[in-house]
Structures are given as structure tokens and as C-alpha cells.
Amino acid sequence: MTVETNRKISNIIFKGLPGALAAFGGLFLLILFFLDTYHVSTILNGYFTEPIHIPLQLTRLGTDVLSIDVENYIVFQNFESLPQNLSTLYHKGFGVIGLLLLSFGICLVSSFRRMYFIGGAASIIFLLTFSGLSGLNLVKIGGNLPLIIMMCATLIPIGFISFFKNHWTLPSRLLLITPIHVTAFVLILSLSPIEEPLLYVSEHLTLPLAVISCLFLLHIGHAIISGSTIFLLKLNQGVKLKISWHISILSALYFLLVLFTLLDLMGEVNLPFPTLPPIVLMIIAGLAGYYVLQYKLDQTEQVFDSPIVGQSCYLIGFAICTLVWSKGIFTENQALIDFLNHTFLYGQIALSLLFFGYLMTNFSSILNQGDALEKVLFKPQFFAYFHMRVGATMTLVILTIFANGVIFTQLSSASSVLSADYYYLTERPQHARILYENSWDQYHRNDRSKNMTAHLYFMENQPSLAFRHLEESFDFSPNVLNIILHANKLHQTNKVVEAIFYMERGLEIYPGNEFLTNNLALLYAKTNKTNDAIAILNSLNTPSSVTEANLLALSIRHHIDLEKEFVEINDPVQSINLLAKQNKQGNYADFTIDFQSVPNIEFVKAAAIRNQWSNHTNNSLETDISYIDSLISIAQTGQTERNLLGSRIIRSVQEGQINEALKYLSGAVITYPNHTEAFQYFAADILISQLDIEKAAKELALVVAVQSQKLKPHHLAVLYFGDRAEAAFAYAERFGISFPQWMKFNENDELIKNDQVTFFQIISKFHQKTGHQLLADIGKLQSTTLQTDLVYYMMLHKAHWFNAEDLGLLKPLLTQSQNAIWTEEEFDSYVGYFESQKSNVLPANIEKLIKPAFSPKRNAYLTPLLLDHVSKIDDSLLRYETLQEAIQHNKDPKLWLAYVAESRAIGLGNYATKALEELSSWMEKDEFEKLLMENP
């Protein structure tokens, strides 16, 4: 291999790879620092819903407008502090990369000169001693065999090379050292009986790597000042400007910057101006240090012969430093972060100050002459560079004492957190909790440790100890994570006032914090401080989608008009709440929710479906029913299953599938005996909309016997006219509910007659009546409005009774009165539909009513459509089955006679006889006999 080829390979392996890792680590470090606050600590928005009642459909019965009320849901989001989410893969990957960089570094140590090699070997022994290898428990617990194996695998190869093969190139050394090193490492891991030995080594390796990072940070202590000086000296060559002033001002400003940054970090001062984060300064100093490195290598005596060794050592140190610092931020190991912050700032203050003194002492008289001083910058003998380092070391000691030796406490606490993370990842929470607790006792600025201590105590069902730790955190080192956890746990134990106290105090410490503001608003709302809740949510300068969705939900729940106009956005939860608002106001929403974008939480998805289907849907009925049935089949809770079933029924009602809806409501009452109220009221309201007052009264009587929350005045009217007058009076007195205003009683509890009373008397037996009975009833009404309403229902449900002459009488009442419901065209198209079946030319209003795309037997109360459909069925058995299903709902006499005829036609005369007997029981004798004569 030629010298040039060997040089290229050495550059790629020993400069390119560490340099790439340093670049990756620096970029990762900046991303972690600037993009997110919490990386393993988890703050998630928890969801809960509250029901509101909305009108699904409206029905006008005379002067009353009645609604089918169903539940919609508003979704609230409360921020929750959850246990940390550590990544085993990340921790193992960090260990592997760290070991790779150490292998490169060990290989470089073999190239040191003899005495320095001995010092390097001693340093390796020191680092291995603190790597925790004894914890692998080979042969015995805490045995030193793993440590001995790794020392032999490390020191023997590099000693052999240093003493006998010192002429080997760096790639050759790597080929010998790395395989032995890796083999020994794999061997001790494979023989170790502990859980996750690689994870264990990765965590305990962080401490030696942190020490190496510390050395690197001290090495670049004056990099910015020396780098700036070299840059200014090169610019000033031949120009002879007074750059001493530039250097002095720049050094003074930088010294003040790092000093104030340190004081701010220690909490000694409250600065009126921002400072640069130590991370940013470190990366700048690292880049400047590499620029200065070549000058140092050329001008000072080194411990190695080849410059590439120094450059590679620098890049390895830079890579290790960025990776360790990144791990500290990613795992939120605040003690480790602060250790690196303090070490870096100590080094910058001490070395920058001493280097400035060194520079002015040696070169102040010739700095402005424009000479190439950078070539001798590190060579003076009067105040030698070595002496400058000694002075800097003394300054470091002074700074450490000034800070009460906090870096040692930080390093010890960081070590405890690293061990705790290992135990947590290997599912030994009690061990982890003890170490987290100990790490916080050592160093209070350790938010994650205290948070995890409290979480683990809660998991162990020791809430009193958990609350004590959260109170300690609030007293000594308050932070958002623990305030959220503390307040939420207090809320769960019904200590709402205390929860509000901690949230309010938290906002005093962290004004404008979205997490605290949101949760405090929800607590205010729970204590009926709605205006305060809305006010603090409105106070956020840049509200998130979560707080906006909560603001909208609170306004809906408490009937408050907001100044801000909400429009549909991409946030699914806000869209759910906006739909609830539109449904409550009876408005059509011009957007639909994509259910796949809704958070994959059962009750939230169920709320989205309910609110959307209560408004409209863009899918076919078959598609929606198939979808909801699949969700019902996998529902994990009974509440969600009931909710989804209710949405299925609503979807059926919206398409006029009344038979299907009533069947499922009946089944739901049986399936959920402890939750019958909503289903029975829903069934009663549907029956009222179909003018089946008798069955509606029966449903109401059953549910009101045990429930009263939803009973309304018009329900009392239904009970009264549904042949349950005694029950109506009893419930009115029992629950303190008044009859509708148009129902007035005299001293004998007799109903005083009026037009609305007459209307209700007519519709109370609407389906049982014949056509000519209803024609006669029209004259009993004095109000043309009520006459129009009655004729509308007659055409909808009784049109099959009327001949051309009857229709001629009804048409003007429906189309020409002051409150006409149909136009003449709509009337004619409706009548003509049963003759021509030309659904494609139906007016929109009639097409919406008839829904020709759906089966005519979907609603047994639409008797004209149903009988017309039956007349076109060729199969007699199918006709019988269709009519049999219809008479379970509808008591129309002609419908029953059609059933009787089909029963006899297929040989079921006994069923026909039984049907006739039942028909005669609710018809007047004369009417019954007349009907039989007209329909032999």
C-alpha cells in the first residue's frame, strides 16, 4: 500500500467518520434544543366528552313544533403528564456509537510517545474502572472479571503495538485493536446473566464519555477568542490597523456574555437581555477550535508524531461531546445537561480570560504592526502557553468553589439517573424509583426524576408519598410537568379547589403557558366559573387547536356567544365541536369529518360519528351501516357500544328507515335494561312524528314510571290523548311539570275545548281511522292552518283512501291556503307518482319525501307507498311477509284488510281471522262492517 493511499484511508477513517458523527451530533443537538421541550417526558391531551341535546328532526302538530331530541357530544381535551417514554433502541445505539469512537481513540493512544502512552494507558484504566463493567456479574455478583477482560483486550494490543510495532500505520493498528476489543466486549455481554447487558453497558458508559466531553470542553475554552485573534491577525497583515482594540472589545464582550450566561444559569441574576444558550456557543467554539488546532499542532510540542492523530482526537472528542450532550437533552437528564453547561462555561471564562492576558502580555506591543503573528501565537517563552494553562486551571478551581462544587453533585445525580433509566427500561420500577428519588435529593434541578418518582409511587398505589414528592417539587423546583401531574391527581381525588390553587400559582411562575392555561380553564368550568375559563383561554396570544377546541366546547356547553367566529379547520376535535354547535342551532354544516383523521380513541370517534350523522353524510346508507356495524362489533366498552348503536339508529331515521330504527330501539331496551331512558324517549319521539300517539304514550308510560329527567309538557299531552290521562295527571303532579298552555282544565279536570285540542283528538287515533272519517274531521277544525296540517298528514299517510273527488277537495286546502305546504305541481306529482312511477321528474320536495331510491317498505306508516309497493309484488309469500311486518306498527284498516287477504291467499286463514278480530276491537262496529262490505 502506497503512502498516499494509506494517508487517504487514514483521513477517511480517523477524520471523516468522527467528523461525520460530530456533524450529525451537532445537528441533532440543535434540533433537540430548538424544536421541542419534552422528548421522553410525555404530555398528551386526554379526551373526555359531555353530552348535549340537539333537535334531530322537527314535527309540527298544530300549534306545537315538537322535536326528536338526541344526544350530541362536545369533546374536551385536558393535558396529562404521563410516565416517560424511553427508547431502548436509542440507548443501545448510543452505546454502540460510543464504543466505536472509544475504539478509534484507543487506537490513537497506541501512537503516543513512550511516556505519554503510559499516561494514556493509565487514563484508559481509569475510564474502564468507572464504566460499570463489574455490574455485568460474571462468575459472581460485582466480580471484576469483565473489567479484567476488557483491560487485557485493550492494553495488550496497544502495548504490543507501542513497544514492538510502532512503525505500523493507523489503519493497521485499527485492524488489530478493534477486532480484539469487539470480540472481548461481545464475549462478556454474551456471558453476562443480567437483563439487557448491552443496555446496561450503554448507560454506564455515558459517565466516562461525559468525562471525555469535559476534557474536550476545556480544550476549546479559548477557541473563540484565539480563533478570532488569528482571523484578525490574518486580515491585518500589511494593513496595520489597531486590531488590539478590536481584540480587546471582542474579548470583553465575549467574557461578559459567558459570565452572564453562567450567572443566569445559576439563578444569581435576572438579566434584562437574552443570552446565547451554551449549546450554541459550544458548537461555535468547537468549529473555531478545529480552525485553531492546526496552529497549535505546528507551534507546540505534541504527544504524538503525526498531525492526523491530533486532528482525529479532536474530532472524536467533538463527536463524543455532541452525542453525550444530545443524550442529556433527549433523555431530559437535566443534571447531565447542567454538568456540561457549567463545565463549558467555566472553561470559557477561565481560558478566555487567561488567553487574553497571555495575548496582551506577549504581543500587545506588536499586535498592530501587521506581521504574521499567528505563526508564533503559541510559542512565546516569557508568559508561556503552558503557564497560561496552569493559570486557567487555577481559575477553574476558583469558579468551581464559587459554584459550591455543584458540578460534582451534578455528575453524581446524572449517574443516578442513568442507572435508574436502565432499571426502568428493564421493567424494575421499584429500583428505578429509588434511584430517581436519590438523584433529585442530590440535585433539585432535575424535573424528570421528580416526575418519575411521583409516577412510580402512584403506580405502587402509594398516593400520599407521591403527593409529598409533588409538593416538594413545587416548593423547591416548580415545573410544568409536575404541576400538571399534581393538579390532575388532586382533581381525580375531588380536591378541585387545591388543584385550582396549584394551577394558578403555576401560571404565576409560567405566565401564558398553554398546558396550565388549558387545564385551569377546565377546572374553572367545573366550578361554574365559566367566564373566568373563557377569559384565560382568550388571553393566550397564540392559541393551539386544543385550546380553541376547548373554547368552542365551553361556549356550547354554557350557551355563551363568542366574539370569534369558528370555521371548519383541519383539526378533527374542533370540527366535532363545531358540528355539535351547528346541530344545536339546527344549521346545515358545509363540511364533513374524515373519521380516519379522528384520534383513534373509541369514544372520540363515536362522538364524531354521532355529530356528523346528526347533520348529514356524504356516504350511502349501506356504506355507513356497514361501517358502524364493524365498529359496534369491536367496541371495548358498553358505553361506546350504546353510543354507536344510537348513531346507527340516527342514521336510519335520517333516511326515513323508521321500521329499522324502531326495531333497533326495541332491541336496545332489552339489551341495556339499565340504560333504557334514552332509547324509550327516542322511540316515543319517533312515534309522535309518525302520529302514532297510542304507541308513543305506551313508551312514555314505561319510561316515566322510573325516569323523569327528559319529560316535557308535550309528552303529557301525548299521554293524555294516548288513553293514559290518569298517568298524565299523576306525572304532572309528581314531577312538577305543566301541561302545554293550550290544555286548560276546568274545576272537574275536564279539558276545555279549543282548535288545538280538537286537532290532537283527531290525530290521537289517526292511523286507525278511515278516509271518510278524516274527511269529516277536517270540518271540526276552524283554523285553516290546522286544516292544512291535517290534510298534509292525510295525503302522506292516508292518500290510498281517497278517490279523485276527495283529492279535488283536499288539493285547495293543501296548496292554496294561507299556510300552503305544497304547490299544485307538487300535489299533482305526488298523486301521479302512484300511477306513473316517474321518480325522475318529481319535484325536490316530493322526492325528498318519497325517497324513491329506498325501499317503500322502509316506513310502515307511509301506507300509500307501502300498499302501492305490495301491489307490484308477484310473490304472494313476499307480499304476506311485507304486510305482516307493517301491521306490527300501523293500524290502518285497509293495510290490515290487505294482510287478511294475503293470509287467506296462502292458506293461513286462522291468522286472517285473528287479524279481523283485532281490527274490530279498535274500529266502530258500523265502520268495520262498512269496510268489510266495501272490501269483500
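Residues numbered from 1 in each chain as written. Predicted model: local features only at pLDDT ≥ 70, side-chain atom pairs only at ≥ 80, totals over all residues. Heavy atoms only, no water.

The protein has the name Tetratricopeptide repeat-containing protein in an unreviewed UniProt entry, where Belliella filtrata is given as its organism.

Peer 1: Please clarify how the overall build of the protein should be interpreted in this entry.
Peer 2: On a plain count of helices and strands, the protein comes out with 41 helices and two strands. For the protein, the C-alpha radius of gyration of 43 Å lies well beyond 30 Å, the compact-globule estimate for 936 residues. Seen along its three principal axes, the alpha-carbon backbone of the protein occupies a region of about 135 × 60 × 55 Å. The burial tally for the protein puts 54% of its 936 residues in the buried class. Within the protein, residue pairs in contact and separated by at least 24 positions form 67% of the contacts whose partners lie at least 6 positions apart. Of the side chains in the protein, 65 bear a positive and 84 a negative charge, and the two mean positions are spaced by 10 Å. (Helix = DSSP H or I, 4+ residues; strand = E, 2+ residues; numbered from the N terminus. Rg over C-alpha atoms; globule rule 2.2 N^0.38 Å. Buried < 20%, exposed > 50% of the residue type's maximum accessible area, 1.4 Å probe, protein only. Contact = heavy atoms within 4.5 Å. Lys, Arg positive; Asp, Glu negative; His and termini not counted. Charge placed at Lys NZ, Arg CZ, Asp CG, Glu CD.)

Peer 1: What exactly am I supposed to notice about the packing of helix α32 (residues 771-778) against helix α33 (residues 784-798) here?
Peer 2: Two measures define how a pair of helices packs: the angle their axes make with one another and the distance between the axes. Here α32 crosses α33 at 170 degrees, and the two axes come no closer than 10 Å. If you check the angle between α32 and α33, you find them roughly antiparallel. Every residue of α33 that contacts α32 at Leu774, Leu775, Asp777 and Ile778 is listed here: Gln787, Leu790, Val791, Met794 and Lys798. (Axes fitted to C-alpha atoms, helices over the stretch in contact; angles between N-to-C directions. Parallel < 35°, antiparallel > 145°, perpendicular 65-115°, else oblique.)

Peer 1: Is there a simple way to explain the packing of helix α40 (residues 909-922) against helix α41 (residues 925-934) in this structure?
Peer 2: Two elements in contact, α40 and α41, have axes separated by 8 Å at closest approach and are oriented at 135 degrees. Our classification of the angle between α40 and α41 gives oblique. For the pair α40 and α41, contact is made by Leu916, Leu919 and Ser920 and by Phe928, Leu931 and Leu932, respectively.

Peer 1: Would you mind going over the pattern of salt bridges with me for this structure?
Peer 2: For side chains of opposite charge, pairing can occur when their charged atoms come near one another. Per the counting criterion, the structure on display carries 26 salt bridges. Across the pair lysine 92 and glutamate 196 runs a salt bridge, and its minimum N-O distance is 2.7 Å. One end of the pair, lysine 92, is in helix α2 (residues 88-109); the other, glutamate 196, is in the loop between α5 (170-191) and α6 (197-219), and 104 residues separate them in sequence. A relative accessible area of 34% means that glutamate 196 is categorised as partly exposed. Between glutamate 472 and lysine 450 there is a salt bridge, with the nearest N and O atoms lying 2.7 Å from each other. Pair noted here: glutamate 472 is in helix α16 (residues 463-476) and lysine 450 is in helix α15 (residues 447-459), with a separation of 22 residues, a long-range link. Residue glutamate 472 is classed as partly exposed on the basis of its relative accessible area, which comes to 21%. (Salt bridge = Lys/Arg side-chain N within 4 Å of Asp/Glu carboxyl O.)

Peer 1: Can you help me understand the nonpolar core in this one?
Peer 2: Within soluble globular proteins, side chains that are nonpolar tend to cluster in buried spots. Leu61, Phe682, Ile686, Phe759, Ile763, Leu790 and Met795 are the most contacted members of the largest nonpolar core, which has 169 residues in total. Each residue touching leucine 61, except ones within four places of it in the same chain, is listed here: Leu66, Ile688, Leu691, Gln756, Phe759, Phe760, Ile763 and Tyr793. Formed by 125 residues, the second largest nonpolar core is a distinct cluster that contains Ala184, Ile320, Trp325 and Leu373. (Core = buried A, V, L, I, M, F, W, Y, C linked by side-chain atoms within 4.5 Å.)

Peer 1: In this structure, what is going on with the packing of aromatic side chains? I would like to understand it.
Peer 2: Note on aromatic pairs: each is described by the distance of the centres and the angle between the planes. Counting across every chain of the model gives 45 aromatic pairs. Ring plane angle 65 degrees and centroid distance 5.1 Å describe the contact between phenylalanine 216 and tyrosine 314, whose orientation is recorded as edge-to-face. Note that phenylalanine 216 is positioned in helix α6 and tyrosine 314 in helix α10 (residues 307-330), a separation of 98 residues in sequence. For the pair phenylalanine 216 and tyrosine 314, one class covers both residues: buried. Directly above the aromatic system of tryptophan 801 lies the positively charged group of lysine 894, at a separation of 4.8 Å from the ring centroid. (Phe/Tyr/Trp six-rings, centres within 6.5 Å; stacked < 30°, edge-to-face > 60°. Lys NZ or Arg CZ within 6 Å of the ring centre and 35° of its normal.)

Peer 1: Looking at this structure, how should I read helix α17 (residues 480-492)?
Peer 2: Because each turn of an α-helix spans 3.6 residues, side chains separated by three or four positions end up pointing in the same direction. Taking 1.5 Å per residue, 13 residues should reach 18 Å; α17 reaches 18 Å between its end C-alpha atoms and fits that length. Most of α17 is tucked away: 10 of the 13 residues are buried. Burial in α17 covers these residues: Val480, Leu481, Asn482, Ile483, Ile484, Leu485, His486, Ala487, Asn488 and Leu490. Each element contacted by the buried residues of α17 is listed here: β1 (42-61), β2 (64-82), α15, α16, α18 (496-509) and α19 (514-526). Its side-chain oxygen placed 3.3 Å from the backbone nitrogen of leucine 481, asparagine 479 serves as the N-cap of α17. (Expected span 1.5 Å × (residues − 1). Polar contact = N/O pair within 3.5 Å; in protein donor to acceptor, adjacent residues only side chain to side chain.)

Peer 1: Help me out: how do you make sense of the state of the cysteines in this one?
Peer 2: Two cysteines joined by a covalent bond between their sulfur atoms form a disulfide. Using the criterion set out here, one finds zero disulfides in the structure. Here cysteine 107 is not disulfide-linked; the sulfur of cysteine 313 is the nearest cysteine sulfur, at 10 Å. Its relative accessible area of 31% is what places cysteine 313 among the partly exposed residues. (Disulfide = S-S within 2.5 Å.)

Peer 1: In this structure, what is going on with the environment of glycine 289? I would like to understand it.
Peer 2: Along the chain, the position of glycine 289 falls in helix α9 (residues 278-299). The spatial distance from the C-alpha of glycine 289 to the C-alpha of glycine 227 is 7.0 Å, given a sequence separation of 62 residues. The residues contacting glycine 289, other than those within four sequence positions of it, are Ala223 and Tyr314.

Peer 1: Please explain helix α39 (residues 893-905) as it appears in this structure.
Peer 2: For α39, with 13 residues, the first-to-last C-alpha span of 18 Å sits near the 18 Å given by 1.5 Å per residue. Every buried residue of α39 is listed here: Pro893, Leu895, Trp896, Leu897, Tyr899, Val900, Glu902 and Ser903. On its buried face, α39 sits against α33, α37 (863-871), α38 (876-887), α40 and α41. Where α39 starts, the residue carrying a side-chain oxygen 3.0 Å from the main-chain nitrogen of lysine 894 turns out to be aspartate 892. Phi turns positive one or two residues past the end of α39, at glycine 907, with a value near 85 degrees.

Peer 1: Got a minute to help me understand the pairing of β1 in this structure?
Peer 2: The two faces of the sheet receive side chains in turn, since in a regular strand these alternate between them. As defined by bridge partners, β1 adjoins β2 across 19 bridges and the pair is classed as antiparallel. Directly across from leucine 61, in β2, lies its bridge partner aspartate 64. Between β1 and β2, which pair antiparallel and follow one another directly, the connecting turn spans two residues, one of which, glycine 62, has a positive phi of 70 degrees. (Pairing = 2+ DSSP bridges.)

Peer 1: Can you walk me through the environment of alanine 730 in this structure?
Peer 2: Looking at where alanine 730 falls in the secondary structure, it is placed in helix α30 (residues 725-735). Residues alanine 730 and leucine 716, 14 residues apart in the sequence, show an inter-C-alpha distance of 9.9 Å.

Peer 1: What should I look at first to understand a nonpolar patch on the surface in this one?
Peer 2: Taken together, Leu27, Ile31, Phe33, Phe34 and Leu35 make up a surface patch of nonpolar side chains, about 530 Å² in accessible area. Position of isoleucine 31 among the secondary structure elements: in helix α1 (residues 3-35). (Patch = residues over 30% accessible without salt bridge, like charges linked within 9 Å, V, L, I, M, F, W, Y side chains within 5 Å. Areas by Shrake-Rupley, 256 points an atom, 1.4 Å probe, with all protein chains shown as cover.)

Peer 1: What is the right way to look at unusual backbone geometry in this model?
Peer 2: Non-glycine residue asparagine 461 carries a positive phi angle of around 60 degrees. Of note, asparagine 528 is a non-glycine position whose phi angle comes to about 65 degrees, a positive value.

Peer 1: Explanation requested: the side chain of glutamine 690 in the structure shown.
Peer 2: Structurally, glutamine 690 is set in the loop between α27 (676-689) and α28 (693-704). Residue classification places glutamine 690 among the buried positions, given a relative accessible area of 10%. A distance of 3.5 Å separates the side chain of glutamine 690 from the side chain of serine 689, its partner in a polar contact. Here the side chain of glutamine 690 touches asparagine 859 through a polar contact of 3.2 Å, side chain to side chain. Those residues in contact with glutamine 690, other than ones at most four positions away along the chain, are Ile658, His767, His797, Asn859 and Tyr861.

Peer 1: Would you take a moment to explain the environment of histidine 715 for this structure?
Peer 2: Secondary-structure assignment places histidine 715 in helix α29 (residues 713-721). Excluding residues that lie within four positions of it along the chain, histidine 715 makes contacts with Tyr681, Asp685, Ile688, Leu700 and Lys710. Here the side chain of histidine 715 touches histidine 714 through a polar contact of 3.3 Å, side chain to side chain.

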